[in-house]
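Notes for the structure review
Spelled out, the chains give:
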Amino acid sequence: MNNTKRTVDETTLEQLLYLSRLSPESTDMATLKKQVDEIVGYFDILSKYDDSENPYDAYPSTQAEKLREDKIVQGLEMKDVKKINEGEFLDGYFQVPKVLGEGA
């Protein structure tokens, strides 16, 4: 690994100022260059850690053969839904608890 400390040159610093919509007149260039060099130094620290492990190993995978088949099935009829939820069905709509306002 290269042990030289990386720094940002003037051209790159000017491009960063342009992208961040800062003007060189509104900021102290020496302080800004020092801060950017510190940020670049953090990347050197991070690059020392092993990243060969696959980050996707931490998440469960889904295999295509385990998914359900894409079939069209008969849905519920509205009269059956009204029977099941008789007390909660009013004017063609389901009554649900209020979730906005007080008590939420």
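Attention here is on the structure that accompanies the text.

1. A few points about the overall build of the protein
Tallying secondary structure elements over the protein gives three helices and two strands in all. Listed N to C, the secondary structure of the protein is α-α-α-β-β in terms of helices and strands. Burial status across the protein gives 10% buried among its 104 residues. Here the protein displays about 10400 Å² of accessible surface, and carbon together with sulfur accounts for 55% of that area.

2. Observations concerning helix α2 (residues 29–46)
Helix length check: α2 (18 residues) gives 26 Å between terminal C-alpha atoms against 26 Å at 1.5 Å per residue, within 8%. Buried residues of α2: Leu-32, Val-36, Asp-37, Gly-41 and Asp-44, and no others.

Reading the values: the criteria
- Along each chain, residue indices are assigned from 1 in the same order as the chain's sequence is written.
- Restriction of local features to residues with pLDDT of at least 70 applies here, the model being predicted, together with a cutoff of 80 or more for giving and counting side-chain atom pairs; totals for whole chains, interfaces and linings are based on all residues.
- Each side-chain value is worked out from all heavy atoms of the structure, with water and hydrogens disregarded.
- In this text, helices come from DSSP runs of H or I with a minimum length of four residues, and strands from runs of E with a minimum of two, each type numbered from the N-terminal end.
- Think of it in three bands: with a 1.4 Å probe and only protein chains considered, a residue is buried below 20% of the maximum accessible area for its type, exposed above 50%, and partly exposed in between.
- With residues, only the protein chains shown are counted as cover, and all accessible areas are computed by Shrake-Rupley using a 1.4 Å probe.
- Multiply 1.5 Å by the residue count of a helix minus one, and that product is the helix's expected span.

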